[in-house]
Structure formats: structure tokens, C-alpha cells
Amino acid sequence: MTQLGSFSVPDFHIPFGNSKHPEAARANAESTTWALRHELVNAAAEQFAGIGCGHLAGRVSGEVPYETVVLLAEWMAWSFVLDDQHDHLIRSGELAAWRPMIEAITGYLETGRIGVPAADRNPLINGFVDLCDRILAGMSPRTAARYRAHVPLMLGSLDQEAGNRGPGGRPSVPDYIRMRRHSSQILPMMDMVEAGLGIDLPQHVHDLPEFQSLAESALDVISWGNDVFSLPKEYACGDTNNLVSLISFTEHCSLMDAVQRVEARIQARIEEYLAGEQRLFAVLDARPETDPSVRADVSRCVRTYEDWMIGADLWQRYECTRYSDERFAAGLESAYTRPDLVSVA
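Residues numbered from 1 in each chain as written. Predicted model: local features only at pLDDT ≥ 70, side-chain atom pairs only at ≥ 80, totals over all residues. Heavy atoms only, no water.

Caption draft 1: Up close: the layout of surface pockets. As a volume, the largest pocket reaches approximately 370 Å³. Forming the boundary of the largest pocket are 19 residues, of which H150, L187, Q212, A215 and L219 lie nearest the centre. If you list the elements that add at least two residues to the lining of the largest pocket, you get α7 (141-164), α8 (173-183), α9 (186-196), α10 (203-206) and α11 (209-229). Looking at which element gives the most residues to the lining of the largest pocket, the answer is α11, with five residues. Of the residues assigned to the lining of the largest pocket, the class counts are seven nonpolar, five polar and seven charged. Empty space within the second largest pocket amounts to approximately 230 Å³. The dominant element in the lining of the second largest pocket, judged by the number of residues it contributes, is helix α15 (residues 292-318), at four residues. Classifying every residue of the lining of the second largest pocket by side-chain character gives two nonpolar, seven polar and six charged. (1 Å grid on protein atoms, 1.4 Å probe; cavity = no way out; pocket = protein on both sides within 12 Å on 5 of 7 lines; lining within 4 Å. Points joined across faces, edges and corners; volume = space filled by probe spheres on them. Helix = DSSP H or I, 4+ residues; strand = E, 2+ residues; numbered from the N terminus. Nonpolar A, V, L, I, M, F, W, Y, C, P; charged D, E, K, R; others polar.)

Here it is, written out as C-alpha cells:
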């Protein structure tokens, strides 16, 4: 694989409009305060605020109440710390500490209980408990069931990423794409946005192949774009969980050629999304049992996917310092990462 050299992110030409919640900056400040209060970070708060969780939440959540924007921003803050902490454990060879923490989180999702006093828990666990209770309280049983299913898949995909970074662990491109839809950590957030907008689609709609294909197209556009933005860091630290690096390896081309090939894939995926949207509504309209209110909610849900695609792109380009930070680009850990976070007793 060739050296990266000078690098700039191409314009992906995402053909959707986007507006941001007017109090996104306030949500960003509040989510940073939440992370500090829960001791997920205890230094470099300004750098952590530079991730822009509130700005991303404000771009992808539509016309939800402000309380939902803040909750989503707090979940994003937790997710970024989770991701960075997982990376730290891989770098330091301490992945054995990961399993008990994840078992506690998934156990709480299933039972609502953790057999360890709050004072003795890891901050990531305490943060999850605080978020999970508030998230589920605002969800219908159907949306809550999807959220409960998506979080373990998200956590499992991080285990897959760890395996991919071991000797001989490089996945095939199709396997990576399937994993990336979960390691992006977006699906639980999409559940939160649906709940915040009052969308409660029947499960049989979510199960439609046309609906699933549309969601996968949106997830791929977001994830592949993020792989381009995060390429300098992941290349610098030897993380092969990146579509650009993987294509460079499997197709025997330079990294810059691979960036162009990923860009072409993103454009093709956008076209597939637009065609898939038409197919989905054709299927719904062909079914006499489709209630007009369900069709309207599907349309609102589709609109949130568009918000996610363009909103994530705009956030990464203009409102997030994570991908331009010198430490990140050099492959170093973030200044706010707590090396002792998982080992806190």
C-alpha cells in the first residue's frame, strides 16, 4: 500500500437539503457537560466539545423537541468515548477488560439491572444506564425493540473490528461493508430520531426488503464517507477498518486511487438510494392495506435518512474538529482519552 501523502476529502455531491436545529450549539455544550459529569472525559474538554456532537444531532434529528436533540447529542458523546476507549484497549493490548463492560451493558438492556453498585461501576456503564433509561422511556414498544436489538449488534461489530486488526484478520470488502453498517453506531441513533419525531412504523414495514435496502444505502453513504474523512488517522495508526485502505489492498491500487474508487461507490450508492426510494413507495402503494398514515410516516422516515446523509457530511466538513486535529491525523489517541477509564473500580 502506498503512502497517503497530501490529502483532501472530495465533494460527494449529496443531493439533499439540510437545516440545523437553532439550539445545536447549546446541545453541544450540554452534551460536553454531561460527559464531564459522568467522568467519561476529565481533561481536554474543549477538544471533546470540538467533536460537535450537538451540531451533528441538530443536523440529523429533524423537527424534534430540543430535549431529544440533547439526548441524542449525549448518546453521541457516549458513543465517541466508547469508540475511542475500544481503540485504546486494542492499542494497549488490554481487550480483556472490554468483555465485562460490554456484558454489563447488554445485560442492562435485557433485564434493566446491573449487579454492581453504581459507585463501583465503570463510567461508561453508568453513562449508558443514564442514557438507556431516558431513551427507552420515550420509545414505543416497537421502536424500543429495534433499539434493544441494534445496540448489541453495534457492540458486536466493535469486536469484529478488533479481530480485523489482528494478524491475517483483514475482511473481504462485502464482509466489511456489512460490519460497517453496525460499527458506524448509527442505527440506534436512527431509532432515537424516529421516536423523537413520533414515527412508529409497524415491524412488517421495517422488514420489507425495499425498506431494508433503502436504509442500507443510507448507512453505506454515511459510513463510506466517514471512512474517507477518517483515513489519515486510521492509516497512520495501522487500523485496516477503513474501506479506502481495504480497496487499496484488495485492488492493488494507491490510496489516492482508492479514495477515488470509494467516491465513485458513494455516488453510485446515492443513485441506488434514489431508485430504492421509488421502489419502496411503489410497493407500499401497490398494497391496498397500506394505511395513508403509515405511508406518511414512511415518507418522514425516508426524509430522516436524507438528513443523515447530508447532515453527517456537512458536520464532518465544517463543524467537527475530530478529523482535522493534528493528533488524530497523526494516528495518536485523542487528548481527552482516559487511559484508566475501563479500569476504574
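Having seen the structure, we can now continue with the description.
Caption draft 2: The side chain of D84, seen in detail. Checked against the element boundaries, D84 lands in helix α4 (residues 66-92). Separated by 2.8 Å, the side chains of D84 and Y336 make a polar contact. (Polar contact = N/O pair within 3.5 Å; in protein donor to acceptor, adjacent residues only side chain to side chain.)

Caption draft 3: The arrangement of the side chain of R180 in detail. Within the secondary structure, R180 is located in helix α8. For R180, a relative accessible area of 7% translates into the label buried. Engagement of the side chain of R180 in a polar contact is seen with the side chain of N226, the distance being 2.8 Å. Discounting residues that sit within four places of it in the chain, R180 has contacts with S223, N226 and D227. (Buried < 20%, exposed > 50% of the residue type's maximum accessible area, 1.4 Å probe, protein only. Contact = heavy atoms within 4.5 Å.)

Caption draft 4: Local environment of the packing of α7 against α9. Between α7 and α9, whose axes approach to 8 Å, the crossing angle comes to 160°. One finds that α7 runs roughly antiparallel with respect to α9. By crossing handedness, the relation of α7 to α9 is classed as left-handed. Facing T143, R146, Y147, H150, V151 and M154 of α7, the residues of α9 in contact are L187, P188, D191, E194 and A195. Tallied by class, residues from the contact of α7 with α9 come to six nonpolar, two polar and three charged. (Axes fitted to C-alpha atoms, helices over the stretch in contact; angles between N-to-C directions. Parallel < 35°, antiparallel > 145°, perpendicular 65-115°, else oblique. Left-handed = near helix turned anticlockwise from the far one by under 90°.)

Caption draft 5: Looking closely at the nonpolar core. Counting 111 residues, the largest nonpolar core has W75, W78, F128, Y147 and V298 as the members making the most contacts within it. Looking at this core, the element that brings in the most residues is α4, giving 14 residues. (Core = buried A, V, L, I, M, F, W, Y, C linked by side-chain atoms within 4.5 Å.)

Caption draft 6: Up close: helix α5 (residues 98-111). When the terminal C-alpha atoms of α5 are compared, their 20 Å separation across 14 residues agrees well with the 20 Å that a helix rising 1.5 Å per residue should span. Within α5, burial applies to W98, M101, I102, A104, I105, T106, G107, Y108 and L109. Each element contacted by the buried residues of α5 is listed here: α4, α6 (123-137) and α7. With its phi angle positive at about 75°, G112 sits one or two positions after the end of α5. (Expected span 1.5 Å × (residues − 1).)

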